[in-house]
Amino acid sequence: MSAALKIAYSPCPNDTFVFHAWAHGLVPGAPALDVTFADIDITNGMAERGELDVLKVSYAVLPWILDRYALLPCGGALGRGCGPLVLTREPGTALAGRTVAVPSERSTAYLLFRLWAAAEVPGGVGNVVVLPFHEIMPAVRDGKVDAGLVIHEARFTYRDYGLHCLADMGVHWESTTGLPIPLGAIVARRDLGTERLTRLAEAARTSVRMAWADPEASRPYVLEHAQEMDPAVADQHIGLYVNEFTADLGEDGYAAVRGLLTRAAAEGLVPPLGHDALSS
């Protein structure tokens, strides 16, 4: 019997929803999984160090890891109307020279923010500080930073902190490119071999389809790891981030990934991608 695949993904509802069936041995013929839960900034670091077999990472980290990991065509997060937000205490706050908190400098959210700021913030922002995701909205509310870049369920909860949305990075991206927003990717070690990578992709795709077919089956797993999130917010989260691109990146999905990383490389934010870097 082969050893379980070591995989890391976040405790966020979209990931636990997607991987529920596979993690619980419900996907026929799929290898067993040894699951580690970690936020995306942690899994990005794991991938850069070459740890684990399969990881959910930010698309922004791909240029640093594609020599060792292959992008799987399913299981990740892309979409429309689901971009990161820049939040402030007061509406219309000018960001030139201000301090902005971000969850990671190796995140898609950060790349989208930098591309937006290059076009929309004359003179550029001042300091960028990295804070854990859950500390960003309190820091903005308490005046410790001038603005915060937030992701995930913060889209549904920022008003609870009395904050205002200064700009939606997804709206800027979609209006300037027409492409979906690439957020999180599933990658697997290239040395597993092409045939096994194909089987892993099919296992991920089947797990997604099983979750859609019976959403209630995954609910206890989702809520167990959702960090006291309101069940209604968890449902919104899944509805927004698990979509047709999760089942298959497709032509638009790959175009979005290439578009993001090409633009980011032109701004000097990431190394340039090789021609066939996104292939397995």
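Residues numbered from 1 in each chain as written. Predicted model: local features only at pLDDT ≥ 70, side-chain atom pairs only at ≥ 80, totals over all residues. Heavy atoms only, no water.

(A) Summary view of the pattern of salt bridges. One pass over the structure, following the stated rule, counts 14 salt bridges. With a closest N to O distance of 2.9 Å, aspartate 142 and arginine 141 form a salt bridge. (Salt bridge = Lys/Arg side-chain N within 4 Å of Asp/Glu carboxyl O.)

(B) Structural view of the nonpolar core. Membership of the largest hydrophobic core comes to 54 residues, with the highest contact counts inside it found for Leu55, Val57, Tyr59, Leu62, Phe113 and Trp116. The leading source of residues in this core is helix H4 (residues 108-120), at eight residues. When residues no more than four places from it in sequence are discounted, the contact partners of phenylalanine 113 are Val86, Leu95, Val100, Val125, Val128, Leu149 and Met169. Val27, Cys74, Ala201 and Ala211 belong to the second-largest nonpolar core, a separate cluster that totals 32 residues. (Core = buried A, V, L, I, M, F, W, Y, C linked by side-chain atoms within 4.5 Å. Buried < 20%, exposed > 50% of the residue type's maximum accessible area, 1.4 Å probe, protein only. Helix = DSSP H or I, 4+ residues; strand = E, 2+ residues; numbered from the N terminus. Contact = heavy atoms within 4.5 Å.)

(C) Just the sheet that holds strand S8 (residues 128-130), in detail. A sheet is described by the order of its strands in space; here five strands give the open sequence S8-S7-S9-S6-S10, paired in mixed fashion. Lying at the two open borders of the sheet, with one neighbouring strand each, are S8 and strand S10 (164-168). For this sheet, the mean inter-axis angle between neighbouring strands, taken without regard to orientation, is 30 degrees. The pairing of strand S7 (residues 100-102) with S8 spans three bridges and is parallel. Across the sheet, valine 100 pairs through a bridge with valine 128, a residue of S8. The sheet contacts of helix H5 (residues 133-141) involve strand S6 (85-88), S7 and strand S9 (147-150), and relative to S9 the element is tilted by about 155 degrees. Across the sheet, helix H7 (residues 169-177) touches S6, S9 and S10, and the angle it forms with S10 is around 25 degrees. (Pairing = 2+ DSSP bridges. Axes fitted to C-alpha atoms, helices over the stretch in contact; angles between N-to-C directions.)

(D) Up close: H4. Compared with an ideal rise of 1.5 Å per residue, which puts 13 residues at 18 Å, H4 spans 18 Å between its outermost C-alpha atoms and is within 8% of the ideal. Here H4 has its buried residues at Thr108, Ala109, Tyr110, Leu111, Leu112, Phe113, Leu115, Trp116 and Ala117. (Expected span 1.5 Å × (residues − 1).)

(E) Quick peek at the environment of histidine 237. Position of histidine 237 among the secondary structure elements: in helix H10 (residues 231-241). Taking the relative accessible area as the measure of exposure, histidine 237 reaches 0% and is therefore buried. The sequence separation of histidine 237 and phenylalanine 113 amounts to 124 residues, and the corresponding C-alpha distance is 21 Å. Setting aside chain neighbours within four positions, we find histidine 237 in contact with Cys12, Pro13, Asn14, His152, Glu153 and Phe156.

(F) Representation of the pairing of S9 in the model. Covered by surrounding structure in S9 are Ala147 and Leu149 together with Gly148 and Val150, the residues of both alternating faces. As paired strands, S6 and S9 are joined by three bridges and run antiparallel to one another. Across the sheet, the residue bridging to leucine 87 is glycine 148, located in S9. Two elements, S7 and S9, share two bridges in a ladder whose sense is parallel. Bridge assignment links alanine 101 to a residue of S9, and that residue is glycine 148.

(G) Representation of helix H9 (residues 215-224) in the model. Looking at H9, one finds that the buried residues are Ser218, Tyr221 and Val222. The buried residues of H9 all sit within an arc of 105 degrees when viewed along its axis, so they share a single face. Facing away from the buried surface of H9 by more than 90 degrees, the exposed residues are Glu216, Pro220 and Glu224. Contacts from the buried residues of H9 go to strand S1 (5-9), helix H1 (13-23), strand S2 (33-37) and H10. (Arc of directions from axis to C-beta.)

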